[in-house]
Amino acid sequence: MNTDTLEELCSTLERQAAIFEICGETIDVDLHLKASAGLREALAEIQRLRSDAAMLPEVLAEMQRLRSDADLHLKTSDALRDALAEIERLRSNADLHLKTSDALRDALAEIERLRSDADALPLANAEIERLRPEADAELHRGKVDHGMSNPATTFWAIDWFLKLLDPYNKKNKPK
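These figures come from a predicted structure and were not determined experimentally. (Residues numbered from 1 in each chain as written. Predicted model: local features only at pLDDT ≥ 70, side-chain atom pairs only at ≥ 80, totals over all residues. Heavy atoms only, no water.)

Time to look at the overall build of the chain. What the chain contains, in helices and strands, is four helices and zero strands. Put simply, the chain runs from its N terminus to its C terminus through helices and strands in the order α-α-α-α. Looking at the chain residue by residue over its 175 residues, the buried ones come to 10%. For the chain, restricting intrachain contacts to residue pairs at least 6 apart in sequence, the fraction spanning at least 24 positions comes to 61%. Entry remark: accessible area of the chain is about 14,400 Å², with carbon and sulfur atoms responsible for 63%. (Helix = DSSP H or I, 4+ residues; strand = E, 2+ residues; numbered from the N terminus. Buried < 20%, exposed > 50% of the residue type's maximum accessible area, 1.4 Å probe, protein only. Contact = heavy atoms within 4.5 Å. Areas by Shrake-Rupley, 256 points an atom, 1.4 Å probe, with all protein chains shown as cover.)

See below:
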């Protein structure tokens, strides 16, 4: 739009208003001055809009950049959501592995306890063999001497217990 024509029109309206004022036509003066003022406001708005329009390519470029940034952020958000789901899955697997690890640790402790018990078995068998002659002697004396109680019954229980602990003893084998 050609603004020079509008500027000329405003100047013409102001000159005519001055002529009407000299002639004493006050109504025409007011109308011409108001029309000129309205046109000048329109011209100012046109100038402002032109400067805004000059910035339009920059604004469009910024909008395009913001759109691509938003797309990038959406992709990043999706990737973070997937990573969070994977972390939660791994955390649940870790809990399962911790429980399994605890169970294995307990089983290893039980195995070690049983090994130490098994290591003590030869010592216990040796002690049994060492005490067996004394027990047999006491049993024999109990048969001979019927003292205050019946030791034969007591020694029979000890002998049975010793046979239970050492099932491969030569005395227990059938002939």
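And the narrative resumes.
With that out of the way, let us pick up helix α1 (residues 3-23). When the terminal C-alpha atoms of α1 are compared, their 30 Å separation across 21 residues agrees well with the 30 Å that a helix rising 1.5 Å per residue should span. All of the buried residues along α1 are T3, L6, C10, L13 and A17. Considered in projection along α1, the buried side chains sweep an arc of 65 degrees and stay on one side of the axis. Of the residues in α1, the exposed ones pointing more than 90 degrees away from the buried face are D4, E8, R15, I22 and C23. (Expected span 1.5 Å × (residues − 1). Arc of directions from axis to C-beta.)

What follows concerns a nonpolar patch on the surface. A surface patch of nonpolar side chains, amounting to about 440 Å² of accessible area, comprises M55, L56, V59, L60 and M63. As for its position among the elements, L60 is in helix α3 (residues 56-144). (Patch = residues over 30% accessible without salt bridge, like charges linked within 9 Å, V, L, I, M, F, W, Y side chains within 5 Å. Salt bridge = Lys/Arg side-chain N within 4 Å of Asp/Glu carboxyl O.)

The next point concerns the pattern of salt bridges. Using the criterion set out here, one finds 13 salt bridges in the structure. The residue E110 makes a salt bridge to R113 at a minimum N-O spacing of 2.4 Å. On the criterion of helical spacing, the pair formed by E110 and R113 is a turn pair, its members being three residues apart in helix α3. Owing to a relative accessible area of 40%, R113 belongs among the partly exposed residues under this scheme. One salt-bridge network, in which partners are shared between bridges, spans E45, R48 and D52.

Below, the discussion takes up the environment of K34. Here K34 lies in helix α2 (residues 26-54). Residue classification places K34 among the exposed positions, given a relative accessible area of 63%. For the pair formed by K34 and L13, sequence separation is 21 residues and the distance between their alpha carbons is 9.3 Å.

With that out of the way, let us pick up the environment of H32. Mapping H32 onto the fold places it in helix α2. The class for H32 is buried, based on a relative accessible area of 15%. Distance in space between the C-alpha atoms of H32 and Q16 is 7.2 Å, their sequence separation being 16 residues. With sequence-adjacent residues up to four places away left out, H32 is seen in contact with L13, Q16, A17 and F20. Within the local environment of H32, its side chain forms a polar contact with the side chain of Q16, the two groups lying 2.9 Å apart. (Polar contact = N/O pair within 3.5 Å; in protein donor to acceptor, adjacent residues only side chain to side chain.)

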